[in-house]
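So you can see what is in the structure, the chains are spelled out below.
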Amino acid sequence: MSLRVFISGLAAMSLAGVLESAPPIVIEGLFADWAGRPFVQRDPKGDGPLDIVGVKIADEPDWLQLLLESPGAFDLSENNDLVLLIDTDDDPSTGLQAEGIGAEVRFVLGDREGRFYATPTSNPGSGTQIWHADLSLQGMPTVTSSRFEIALSRNAEIDGAEVFGGESIRVVLVEVGGDRIPDTGSIHHVLDLAAPPTPFDVSIDKERPDDVRLISWNVLNDNPWDSSESAKFARMIQAIEPDILNLQEIYDHSPNQTRNLFVPWMGGVPNQWYAAGNNDCKTISRYPILHSEPLSGNLVVLVDTTEVLGRPLLIFNAHTPCCSNDEGRQWEIDEMLQFLGRVRAGDHDDIPNDAAVQIAGDLNLVGLAQQLESLVEGDIVNESDFGPDIAPDVDGSSLLDPHPLQTESRLAYTWRKDWSWYWPGRLDVSIISDSVLEPGRQLVLETRRMSVKRLTEHGLLADDSSCSDHLPLICDVREPSGLAGDLNGDGLVNGSDLGILLAAWDTNSDIADLNGDGIVNGQDLGLMLADWSD
């Protein structure tokens, strides 16, 4: 045995011990799950435009996952020429002969396309052209960031050929005309050192029967009225059983027409429900709508939820401008924040200043991260037009973005269009005032990643989610029942509660999953610490 092989074996054994205790990777753009994993490559600052300074790699039976870290924020999906080279069988004699490895995959992240090389070649332009869907590529966050996590399907096949066929891989990252990571050689990663994570499986049902279920869903150009798609929508709505529906992209049908279509799907009587709309945004509610008004192309509604939530609920049903229009998105977000600031100051005649808030919809959150930060923190950018920053929650704090995950996958995308230029992204949000609302179940319903058992249980078909390019966001809320972190009910949040939470780490424990996203992790720990007893 060579010294190199011996040392590699020792390193793999040591790494395996670390990985056994690390939580599974969740592709949602928050990164806490990467904290206990070592960097497999560090790179000096200042040697490239993007200047990638750190790389981490993880895997599980279905996914290869990477974390990229840079000193400055950039957009992973465009305006960069970062090339990802992966030797998927760890054999330098196969694939594209480049950068000292035999890469089966060459993917230009900023162009969102690449090549697969089934046979040896030195020509990067040969091979089979591939797109993000060929690798089930996931990348988060969808907005600018200094850190990104990427996932590639280990079950991917190109023209019948397995993409990942070996027990280890080698990776090189190259900026055209710029940085190379690593500076020499390649990053070696041995697959399947850690045991597979426990399956991720969260019920669609409410945690508590009296929770109020809010959904947000861009239904794609009036598709619920399309005879080839309406049955899919009906099954999805019947499975979700929402109390309030915030819908977008309903252009050709009125609020009443929308109510008359959706409510019978839930076994209800249309004239016992309430409806409001502006432009393509429509809100349907089983609770009375006390007030509504337009806000640019978006909709503001006040719903009488006093009996179930202890106060009315102010909803911003939003569909902000798409794609590269960062200025237009920020303008409409600032407008919403100005409106909310008026409410909090008691300057709206029809809306009480202590109303609970939900900001929901297809916010088209691509491009600059500032837009999402504004929504959560109340940070107004165009202050000359909309005034100073606001304190958005009733108690003067920030709002909560629960980052819901899908029912049976550790993925958070809300938009998916497999043959689009762009890989799946988290374009939609449901942000709530958590000082006066306690989150229940928080989910994204994606039937294409659900088991037959769960589909059958809820009367769904695997292809139902294809009825729109956006997925429904489920946001259950309730009136706060006390200290969220008081897991043992003794009126204090202390070490006893922390022990319960840590014992349930990385499970879907209803007791310890404080934000209802289906997994006990750092977000729940943060909520517990916020309630910590002195």
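We now turn to the structure provided with this report. All values reported here derive from a predicted model rather than from experimental measurement.

What counts and how
Residues numbered from 1 in each chain as written. Predicted model: local features only at pLDDT ≥ 70, side-chain atom pairs only at ≥ 80, totals over all residues. Heavy atoms only, no water. 1 Å grid on protein atoms, 1.4 Å probe; cavity = no way out; pocket = protein on both sides within 12 Å on 5 of 7 lines; lining within 4 Å. Points joined across faces, edges and corners; volume = space filled by probe spheres on them. Helix = DSSP H or I, 4+ residues; strand = E, 2+ residues; numbered from the N terminus. Nonpolar A, V, L, I, M, F, W, Y, C, P; charged D, E, K, R; others polar. Buried < 20%, exposed > 50% of the residue type's maximum accessible area, 1.4 Å probe, protein only. Contact = heavy atoms within 4.5 Å. Pairing = 2+ DSSP bridges. Salt bridge = Lys/Arg side-chain N within 4 Å of Asp/Glu carboxyl O. Axes fitted to C-alpha atoms, helices over the stretch in contact; angles between N-to-C directions.

Quick notes on the layout of surface pockets
Within this model, the largest pocket holds a volume of roughly 930 Å³. Taken together, 37 residues form the lining of the largest pocket, with V376, L399, L400, D401 and H403 sitting closest to its centre. Elements with a minimum of two residues in the lining of the largest pocket: β11 (145-153), α6 (370-377), β27 (438-444) and α10 (522-530). When the residues that make up the lining of the largest pocket are grouped by side-chain class, the tally is 19 nonpolar, ten polar and eight charged.

Focus on helix α3 (residues 255-265)
Taken together, the buried positions of α3 are occupied by T258, R259, L261, F262, V263 and W265. Of the surrounding elements, those touching the buried residues of α3 are α2 (230-240), β18 (244-248), β19 (274-278) and β20 (281-285).

Here's the deal with the sheet that holds strand β3 (residues 63-74)
What the five strands build is an open sheet, ordered β1-β2-β3-β11-β10; its pairing is antiparallel. Two strands close off the open sheet at either side, each with one partner strand: β1 (41-42) and β10 (138-140).

Quick word on the pattern of salt bridges
Tallied over the entire structure, the rule returns 24 salt bridges. A salt bridge links K206 to D243, with the shortest nitrogen-to-oxygen separation between them at 3.1 Å. One end of the pair, K206, is in the loop between β16 (187-190) and β17 (212-218); the other, D243, is in the loop between α2 and β18, and 37 residues separate them in sequence. A salt bridge links D326 to R329, with the shortest nitrogen-to-oxygen separation between them at 2.9 Å. Highlighted residues: D326 and R329, both in helix α5 (residues 326-344), separated by three residues, approximately one helical turn. Ionic contacts of the salt-bridge type, sharing partners, join the residues E207, R208, D211, E438, R441 and R478 into one network.

Some thoughts on the sheet that holds β20
Pairing in this open sheet of seven strands is mixed, and the strands run β19-β20-β18-β17-β28-β27-β25 from one edge to the other. The sheet is open, and its two edges are formed by β19 and β25 (405-406), each paired on a single side. α2 rests against β17, β18 and β28 (473-478) of the sheet, and its axis sits at about 155 degrees to β17.

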